[in-house]
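# Residue-level structure breakdown
This is what each chain is made of:
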Amino acid sequence: MRYSELTRRYFAAAADTAGRLEGAGVARGAAGSRAEGTWVQFDVRIDRAAADGPRVAAARFLAFGCPHTIAAAAWVAEQAVGRVPEPALPQSAQALRRLFEMPVEKLGRLLIVEDAWLAAVRGDGAKSEH
Amino acid sequence: MSAPAYLDCAATTPVDPRVAAEMAACLTADGVFGNPSSGGHVYGARAREAVEAARVRAAAAVGACAEDLLFTSGATEADNLAVFGVARHARARGRHIVTARTEHKAVLDPCRELERRGWQVTYLQPGRDGIVEAAQVEAALRADTVLVSIMHVNNEIGVIQDIGAIAEVCARHGGARLHVDAAQSTGKCGVDFAACGADLMSLSAHKTYGPKGVGALLLARRRGLQIEPLQFGGGQERGLRSGTVATHQVVGMAAALSIAAAEQSADSRRARELQQRLWEGLAAQGGVVRNGSEACGVAQILNVSFQDVEGESLLASVAAEIAVSTGSACASATDEASYVLRALGRDARLAESSLRFGLGRFTTALDIERAIAAVAAALARLRRIGGVCDTAS
């Protein structure tokens, strides 16, 4: 499997942004299943006292999956910081697939990343395995 | 950055410089470049002599007679010729074949094609250690069984089957010919075609420091074995494998097999020490499962599954340091987890998170330490990313 430069960069640095957030104001959401080969969890801390409205103050992820999945989850966690906590990825799953040059058959893994992000932002903690 | 340590010798090996030197002598105008089928001049005659000398030398390296050996393009062609060749020749007598679920695709796919054409195939389930018992073969034999095909050394897990015991079962049956895929055997364990009792045996050159593109099928003609050819047009190889014999390739194969036979004991002793060190280093990481029989396996193959990591990510994480094979679907040519590991009872996750380490003649202790360090670092990192090691930040 050949990986794009962006995929290699975020996959290599993923451990830097992987982890959990603890404490008050942290929302957690997860999607997928290790047994099925892909599982992603996001922890999001939202600053609701920001002058210009609620913002993502911090985001962390955990992921079990292929390099594309891990790279995309790391990218989402990085890009989300400072943004309005919307129940949508900074870019659509299709756009992310093109950005990371993922094979089309891996789109389903990006949808798991998206579902985990939505679950975290909505604070419903969906399908968490932990 | 230095090149990754090559630990994929079960996939292929570099050509031994001694082999390359013999091959080079057959290629240019001052060498043995003639067509071995051209009997009317000295160039062809010399090539013919080189081919026949290679046949004698290659056969001797595996305990066979020269007249038993057909050169092919590789073990895949040899397997196809064995399975289809026997099945077609014996079709009036029976249309049942026995093989194992852990065979190479070069045997399984021809068997499936024969099923589509009306043959029946029994696929034996090996034990969790990968061993196919002779009693299983015996129980599967039927009056209409014409072929049993069991590989000697499994290419993924390195398990050595007891071919002698299986050959005895087939001999008692009387009608079932035994084909053995020995592509992984030469140089890794002793190969003696005459003594093992097999009727047919497939060989490869490139697994044993020979060139790609050449192999052989051994046929026990003295036991009256007959097969039908798959390709026609020239009648080379006694009419069973038409096509100009590639002199440099067969000379290379003969040299490689000869060296392998002479150095197998020393190579295997050294590989066993390296394999033991590798296994100890990997096992120390925890969550590690060894695939295949430790007691009945070759020293040059170690197959390990790693818990709590995904296979493609594991391979990508170690790729800069070591070149290995994996059971991960995304990293292999086919879209499935290792069917061999699945047949041993491994679940899909463990089958996909496996690495096959193929040790060889040129593997060093430094390569092994590099592999252990690379895998240890990858496991720690991927397990942390996966939340297996609690790392609240």
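Description of the structure in this document. (Residues numbered from 1 in each chain as written. Chains lettered and ligands numbered in written order. Predicted model: local features only at pLDDT ≥ 70, side-chain atom pairs only at ≥ 80, totals over all residues.)

### Things to note about the overall build of chain B
Formally: To qualify as a helix, a DSSP run of H or I must reach at least 4 residues; to qualify as a strand, a run of E must reach at least 2; elements of each kind are numbered from the N terminus. Values of the radius of gyration come from C-alpha atoms, whereas the globule rule sets the reference at 2.2 Å times the count of residues to the power 0.38. Whether a residue is buried, exposed or partly exposed follows from its count of other C-beta atoms within 10 Å of its own C-beta, namely 20 or more, 12 or fewer, or something in between, respectively; the C-beta atoms are built from the backbone. Each residue gets a C-beta atom placed from its backbone, and two residues are in contact if those atoms lie within 7 Å.
Summing up its helical and strand segments, chain B has twelve helices and 13 strands in all. Relative to the compact-globule value of 21 Å for 393 residues, chain B shows a C-alpha radius of gyration of 22 Å, a close match. The principal-axis extent of the C-alpha atoms belonging to chain B is close to 80 × 55 × 35 Å. A burial count over chain B gives 53% of its 393 residues as buried. A fraction of 73% describes how many contacts in chain B between residues 6 or more apart in sequence connect residues 24 or more apart.

### Some points on the sheet that holds strand 9 (residues 288-291) of chain B
Residues and elements named next belong to chain B. What counts, and what does not: For two strands to count as paired, DSSP must find a minimum of two bridges between them.
Reading across from one edge, 9-10-13-12 is the order of the four strands in this open sheet, with antiparallel pairing throughout. In the strand order of this sheet, the two ends are held by strand 9 and strand 12 (325-326), each with one partner. Bridge analysis of strand 10 (residues 301-306) against strand 13 (residues 354-358) gives five bridges, and the strand direction is antiparallel. Bridge pairing links Leu302 to Phe357 in strand 13.

### A short note on the interface of chain A and chain B
The criterion, for reference: The residue classification treats Ala, Val, Leu, Ile, Met, Phe, Trp, Tyr, Cys and Pro as nonpolar and Asp, Glu, Lys and Arg as charged. All others, Gly included, are polar.
If you look at the interface, chain A gives 21 residues, while chain B gives 15 residues. Taken together, the elements giving at least two residues each to the side of chain A that touches chain B come down to helix 2 (14-17), strand 3 (55-64) and helix 3 (67-80) of chain A. In terms of residues, the side of chain A that touches chain B owes the most to one element, strand 3 of chain A, which gives four residues. For the side of chain A that touches chain B, the residue count by class is 13 nonpolar, five polar and three charged.

### Describing the packing of helix 8 (residues 247-283) of chain B against helix 12 (residues 365-385) of chain B
Residue and element names in this part refer to chain B. What counts is decided by this rule: Here an axis means a line fitted to C-alpha atoms, over the contact stretch when the element is a helix, while the angle between two N-to-C directions is reported on a 0 to 180 degree scale. Each angle receives one of four descriptions, namely roughly parallel if under 35 degrees, roughly antiparallel if over 145, roughly perpendicular if within 65 to 115, and oblique otherwise. The crossing is said to be left-handed when, going from far helix to near helix, the turn is anticlockwise and less than a right angle, and right-handed when the turn is clockwise.
At a closest axis distance of 9 Å, the pairing of helix 8 and helix 12 adopts a crossing angle of 15°. By the angle class used here, helix 8 and helix 12 are roughly parallel. Crossing geometry of helix 8 relative to helix 12 is assigned as right-handed. Across the interface between the two elements, Leu274, Arg277, Leu278, Gly281 and Leu282 from helix 8 touch Ala365, Ile368, Ala371, Ile372 and Val375 from helix 12.

### Overview of the sheet that holds strand 3 of chain A
Residues and elements named next belong to chain A. An order of 1-2-3 is seen for the three strands of this open sheet, with the pairing classed as antiparallel. Looking at which strands have only one partner, the edges of the open sheet turn out to be strand 1 (26-33) and strand 3. Taken over all neighbouring pairs, the strand axes of this sheet differ in orientation by 15° on average, direction set aside. The pairing of strand 1 with strand 2 (residues 38-47) spans eight bridges and is antiparallel. Looking at the pairing, Val26 lines up with Arg45 of strand 2. Here helix 3 sits on the sheet in contact with strand 2 and strand 3, set at roughly 170° to strand 3.

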